[in-house]
Amino acid sequence: MKVGLITGASGAIGNAIALELAKEGYSLFLHYNSNEPSCLGLANRLLKAYPEQFFKPIKANFFIRQEVNQFLDGLPHNQIELLVHNSGHSLLKLFQDVEEDELDQMIVHHMKVPFRVTQALVPHMIKEKCGQIIFISSIWGQTGASMEVAYSMVKGAQISLTKALAKELAPSGVTVNAIAPGAVETPMMAAFDKLEKEALIEEIPLGRLANPSEVAGLVRYLCQPEASYMTGQVLAINGGWYC
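Draft legend 1. Representation of the sheet that holds strand β6 (residues 174-181) in the model. Taken together, the seven strands give an open sheet; going across it, the order is β3-β2-β1-β4-β5-β6-β7, and neighbouring strands pair in parallel fashion. Taken across any chain shown, the strands that pair with only one partner, and hence form the sheet edges, are β3 (55-59) and β7 (234-237). The sheet shows a mean angle of 15° between the axes of neighbouring strands, direction not considered. Sheet analysis places strand β1 (residues 2-6) next to strand β2 (residues 26-32), joined by five bridges and oriented parallel. The residue of β2 that forms the bridge with isoleucine 6 is leucine 30.

Structure (structure tokens):
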């Protein structure tokens, strides 16, 4: 049985990734923090569609060290062969207005916790000589964004981690890649009003936002045998925006 872990599974992109991986025969551990109805509903839908697989929601607030430790202790380290780092949040503020607590949260959520989770799960992948680690980064991790400097910083760090870890794990047959979405139609877009959203879409050559399922499709591809020679790469999906 193929087993994977998706962090941030309760969000729009996390939901879409879970649906795609379930189709590919994966049983899944589905991490969430506050949106329990979404994650439980997702697990129930998947279980009805794929009763031969399991789908287990796991709650953890990654800002609380004890909950992170409990989360790691509760995972079956000797089963998981696919890890999708999807949990995260943006921060739309002027650089000089970012508070220390906000900066700490960004670093913990996007850098420290993914590092620790990967550390916990990668020994099994190395032993089995197979496994995939996928980071859902951001276009801003590639290009940087005004008013989102802290977010750009941590997403860029994920890309650097992807490239470095891919080199270290390649001899063990484990691949590490990142996906860098542009603007995606998710609740995160609620930070923009109608006019701001329209102006944003005008900047995108394809003239629309990405659908979460399109990001999930790249995750599915990276799990296929056809992608077994791909590692240390950043797959941009941004409609030609900042390409």
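Read on, since the account is not over.
Draft legend 2. Spotlight on the nonpolar core. Membership of the largest hydrophobic core comes to 31 residues, with the highest contact counts inside it found for Ile6, Ile17, Leu21 and Leu30. Among the secondary structure elements, those contributing two or more residues to this core are α1 (12-23), β2, α2 (36-49), β4 (82-85), β5 (131-136), α8 (212-222) and β7. With six residues, the top contributor of residues to this core is α1. Not counting chain neighbours up to four residues away, the residues in contact with leucine 21 comprise Ile6, Tyr26, Leu28, Leu82, Val84, Val219 and Cys223. Judged by nonpolar contacts, the second largest core, of 26 residues, contains Phe62, Val68, Val113 and Val122.

Draft legend 3. Examining the pairing of β1 more closely. Counting buried positions over the five residues of β1 gives four, a clear majority of the element. Each parallel crossover has a hand, and the one from β1 via α1 to β2 is right-handed. Two strands pair when backbone bridges link them, and β1 and β4 are joined in this way by three bridges, in the parallel orientation. Bridge assignment links isoleucine 6 to a residue of β4, and that residue is valine 84.

Draft legend 4. Summary view of the pattern of salt bridges. The full count for this structure, using the stated rule, is five salt bridges. Where glutamate 20 meets lysine 23, a salt bridge forms, and the shortest distance between an N and an O atom there is 3.5 Å. Within this pair, glutamate 20 and its partner lysine 23 are both found in helix α1, separated by three residues, close to a single helical turn. Overall, glutamate 20 belongs to the buried group, its relative accessible area being 12%. In this structure, arginine 208 engages glutamate 214 in a salt bridge whose closest nitrogen and oxygen atoms are separated by 2.8 Å. On the basis of relative accessible area, glutamate 214 is assigned to the partly exposed category, the value being 31%.

Draft legend 5. Inspection of α1 at higher detail. Look at α1: 17 Å from first C-alpha to last across twelve residues, which is about the 16 Å you get at 1.5 Å a residue. Along α1, the residues classified as buried are Ile13, Gly14, Asn15, Ala16, Ile17, Ala18, Glu20, Leu21 and Ala22. The first or second residue beyond α1 is glycine 25, which carries a positive phi of 95°.

Draft legend 6. Representation of a negative patch on the surface in the model. On the surface, Asp97, Glu99, Glu100, Asp101 and Asp104 cluster together into a negatively charged patch. A relative accessible area of 58% means that aspartate 101 is categorised as exposed.

Draft legend 7. Summary view of the environment of proline 212. With respect to the helices and strands, the residue proline 212 is situated in helix α8. Using a relative accessible area of 10% as the deciding quantity, one classes proline 212 as buried. For the pair proline 212 and threonine 186, spaced 26 residues apart in sequence, the C-alpha to C-alpha distance is 7.4 Å.

Draft legend 8. Geometry of the environment of alanine 49. Note that alanine 49 resides in helix α2. Residues alanine 49 and isoleucine 136, 87 residues apart in the sequence, show an inter-C-alpha distance of 26 Å.

Draft legend 9. Spatial organisation of the environment of threonine 7. If you trace the backbone, threonine 7 turns up in the loop between β1 and α1. Judged by its relative accessible area of 3%, threonine 7 falls in the buried class. Taking C-alpha positions, threonine 7 is 15 Å from glutamine 119, a pair spaced 112 residues apart along the chain. Look past the residues within four positions of threonine 7 in its chain and what remains in contact with it is His31, Phe62, Val84, His85, Asn86 and Ser87. There is a polar contact of 3.1 Å between the side chain of threonine 7 and the backbone nitrogen of serine 87.

Here is what the cut-offs are and how they apply
Residues numbered from 1 in each chain as written. Predicted model: local features only at pLDDT ≥ 70, side-chain atom pairs only at ≥ 80, totals over all residues. Heavy atoms only, no water. Pairing = 2+ DSSP bridges. Helix = DSSP H or I, 4+ residues; strand = E, 2+ residues; numbered from the N terminus. Axes fitted to C-alpha atoms, helices over the stretch in contact; angles between N-to-C directions. Core = buried A, V, L, I, M, F, W, Y, C linked by side-chain atoms within 4.5 Å. Buried < 20%, exposed > 50% of the residue type's maximum accessible area, 1.4 Å probe, protein only. Contact = heavy atoms within 4.5 Å. Right-handed = clockwise from strand over helix to strand, strands pointing away. Salt bridge = Lys/Arg side-chain N within 4 Å of Asp/Glu carboxyl O. Expected span 1.5 Å × (residues − 1). Patch = residues over 30% accessible without salt bridge, like charges linked within 9 Å, V, L, I, M, F, W, Y side chains within 5 Å. Areas by Shrake-Rupley, 256 points an atom, 1.4 Å probe, with all protein chains shown as cover. Lys, Arg positive; Asp, Glu negative; His and termini not counted. Charge placed at Lys NZ, Arg CZ, Asp CG, Glu CD. Polar contact = N/O pair within 3.5 Å; in protein donor to acceptor, adjacent residues only side chain to side chain.

Distances and angles like these do not, on their own, reveal function.
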